Amino acid sequence: MRLRRPPRALSLTAAVLLTVSVAACGEGSGASAGRSGVGDRYFPKAGNEGYDVLHYALDLGYDPGAYYLTGTATITARATRDLSALNLDLEGLDVETVTVDGATARWGRAGQELTVRPRDALRRDAGFRVTVRYSGAPVTVTDPDGSEEGWLRTADGALALGEPAGSMAWFPGNHHPSDKATYGLAVTVPKGLRAVSNGEPAGEETKGDRTTYRWRVGEPMATYLATLAIGRYDIGRATTAGGLPVYTAVDPEQAEASRAVLARIPEVVAWAERTFGPYPFSSAGAIVDRPGDAGYALETQNRPVFPGAPGIGLLVHEIAHQWYGNSVTPRTWRDMWLNEAFATYAEWLWNEEHGRDTAQRTFDALYAGEYFPAAESNEALWSFPPAEPPDAAHISGVPVYWRGAMVLHRIRQTVGDTAFSALLRGWAQEHRHGTADTGDFTAYVEKSAPDEDFGAVWEDWLYGEGKPRRPRAGPWVRALGLGSGPGPCAGPARAGAPGLPGLRPAGGSDAGAGVRQTLTPKSWAMPTRPEA
Ligand SMILES: [Zn+2]
């Protein structure tokens, strides 16, 4: 287990800065220091108030042998009020200089907060540019749930993952999902290694024994979805039938095991477009590192990261996140179920349309406590409501994924397949490239089906403590002949069950094959799914 760098003592500069900032509030200038944190109940220090980041330009250099990162982050932002000072989040690393609009700025650090005091106060609505030069050995961040993120050392390089708080380990920023921005990265590594990130490649150049790789992210991205993979990779390029570029980077050790599943990315994207609407970004792909390089897969934008070759179910899950999580991003970490419920339900839909279990059967098995091999995993489903995780250690808990997916299935039961299909697309379209919270979602559902009563779905399934009463089979369920009895559904999988309207059941080579998830999405005590 790696040790984290001990927290830094409050530097003299920071102490002076904080004093000055407080004094400035009473000086009648109207400008005051932007608060650290945006008020997220689960991560109070995450993000910062008083400005909106538009673009991150990151110029990085990394030497795996020396375990040393150098960086220049140029952050283009707009003040949302008059500011005498503002905070950025940065964990570890040494700050060398900070400028605001080219002028040297005073700065100080306390924990993850980098406080910047520009020479002149920033006026509300004014655009400004903060440039931070920094270097050092980047830290691995241990989450409240015990998983590791931030900067992860790999056999041949490094892997940066950021959900929920790890991206501050490699660049300063407004590290909260509520503030999305575009990105440009230039990453210089020893010749022979590659640097792979989000978005699209924008050139590479070798000078002497160093190669610089450029990446451009043109659609808004939350900082937790930024990734950087440095090492030796086999690169794959393809194009979907719809013309979307697919870029994959695979550790050579995983190349053979990954080949077949990664070849299905165009097929999965096409299926997801039929189900969820137009793909929200300019490229797709995947990064496959070795098992153990990370403890989980993550839906990093454009290009999910997998520690080892994924199964088809996990690939479907992470690609579905491009719509739900990456394009429609949770406004706070409490809204995490809006990511995971949809990605989990995407797997259920995929199975349903490929001759495996219907979503109804999966729902029934979960309700009966027979879905997971371990009894405690089945019981964990009812340990808290999906929209109200008890604390930061549980935002990736079992109810957030599977009970959240059960909430979506209850909505489908209430409105019927045609309206549910429209709702999946409509929700993705309504908040495309934006952020949304649980209240937005329930309001959207109610607006979409004004004649239906969702009271029990929200009160019992979304916000309620404990196990809800078994839902009575409505007309939708009776029509399919499913879910009618009080006992668990123990029959064989219903091959060829109807899919959502407008979707072609794909059948094909994998019909009937088990979809065992051998890798887990970002999780707390994530149970292994049973063989389908
Ligand atoms: Zn997920």
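Everything quoted here is computed from the prediction, not taken from an experiment.

(A) Molecular detail of the overall build of the protein. If you tally the helices and strands in the protein, you get 12 helices and 23 strands. When each of the 532 residues of the protein is scored for burial, the buried share is 51%. Once local pairs closer than 6 in sequence are excluded, the contacts in the protein between residues at least 24 apart make up 69%.

(B) Representation of unusual backbone geometry in the model. Cis peptide bonds are those with omega within 30 degrees of zero, and the linkage from Glu163 to Pro164 qualifies with 0 degrees. One non-glycine residue, Leu93, adopts positive backbone phi at about 65 degrees. For Leu93, the location among the structural elements is in the loop between strand 4 (83–89) and strand 5 (94–100). For Asn302, which is not glycine, the phi torsion reads 70 degrees and is therefore positive. Among the structural elements, Asn302 can be located in the loop between strand 20 (284–289) and strand 21 (305–307).

(C) Looking closely at the sheet that holds strand 10 (residues 140–142). Overall, antiparallel pairing links the five strands, which are arranged 10-11-12-17-14 in an open sheet. Lying at the two open borders of the sheet, with one neighbouring strand each, are strand 10 and strand 14 (194–197). Strand-to-strand twist of the sheet, defined as the mean angle between neighbouring strand axes without regard to direction, takes the value 20 degrees. In terms of strand pairing, strand 14 meets strand 17 (residues 228–231) through four bridges, oriented antiparallel. If you follow Ser197 over to strand 17, its bridge partner there is Leu228.

(D) The arrangement of the packing of helix 3 (residues 265–276) against helix 4 (residues 312–320) in detail. Across the interface, helix 3 lies against helix 4 with an axial gap of 10 Å and an inter-helix angle of 50 degrees. Relative to helix 4, helix 3 is oriented oblique. For the pair helix 3 and helix 4, the crossing hand works out as right-handed. Across the interface between the two elements, Val268, Val269 and Ala272 of helix 3 pack against Leu315, Val316, Ile319 and Ala320 of helix 4. Partitioned by chemical class, the residues of the contact of helix 3 with helix 4 number seven nonpolar, no polar and no charged.

(E) The arrangement of helix 11 (residues 455–462) in detail. Looking only at helix 11, the buried set comprises Val457, Trp458, Trp461 and Leu462. For helix 11, the buried positions fall inside an angular range of 110 degrees around the axis, keeping them on one side. What points out from helix 11, more than 90 degrees from its buried face, is the exposed set Gly455 and Glu459. Structurally, helix 11 contributes buried residues whose contacts are with helix 8 (398–415) and helix 10 (438–448).

(F) Spotlight on the sheet that holds strand 18 (residues 234–239). Spatially, 18-19-20-21 is the arrangement adopted by the four strands of the open sheet, whose pairing is mixed. Bordering the open sheet on either side are strand 18 and strand 21, each of which pairs with just one other strand. The average angle at which neighbouring strand axes cross in this sheet is 15 degrees, direction not considered. Here five bridges tie strand 19 (residues 245–250) to strand 20, and the two strands are oriented parallel to one another. Directly across from Thr248, in strand 20, lies its bridge partner Ala286. Helix 3 contacts strand 18, strand 19 and strand 20 of the sheet and is inclined by roughly 130 degrees relative to strand 20.

(G) Inspection of the pairing of strand 4 at higher detail. With seven of seven residues buried, strand 4 lies mostly within the body of the structure. With four bridges joining them, strand 4 and strand 8 (residues 113–117) adopt antiparallel strand pairing. Looking at the pairing, Asn87 lines up with Thr115 of strand 8.

(H) Looking closely at the confidence of the model for the protein. In this model, the protein carries a mean pLDDT of 87, and residues with pLDDT of at least 70 account for 83%. The low-confidence segment residues 477–532 (pLDDT under 50) makes 111 contacts with residues lying over four places distant or belonging to another chain.

What counts, and where the lines are drawn
- Residues numbered from 1 in each chain as written.
- Predicted model: local features only at pLDDT ≥ 70, side-chain atom pairs only at ≥ 80, totals over all residues.
- Helix = DSSP H or I, 4+ residues; strand = E, 2+ residues; numbered from the N terminus.
- Buried ≥ 20, exposed ≤ 12 C-beta atoms within 10 Å, placed from the backbone.
- Contact = placed C-beta atoms within 7 Å.
- Pairing = 2+ DSSP bridges.
- Axes fitted to C-alpha atoms, helices over the stretch in contact; angles between N-to-C directions.
- Parallel < 35°, antiparallel > 145°, perpendicular 65-115°, else oblique.
- Left-handed = near helix turned anticlockwise from the far one by under 90°.
- Nonpolar A, V, L, I, M, F, W, Y, C, P; charged D, E, K, R; others polar.
- Arc of directions from axis to C-beta.
- pLDDT = per-residue confidence, 0-100.

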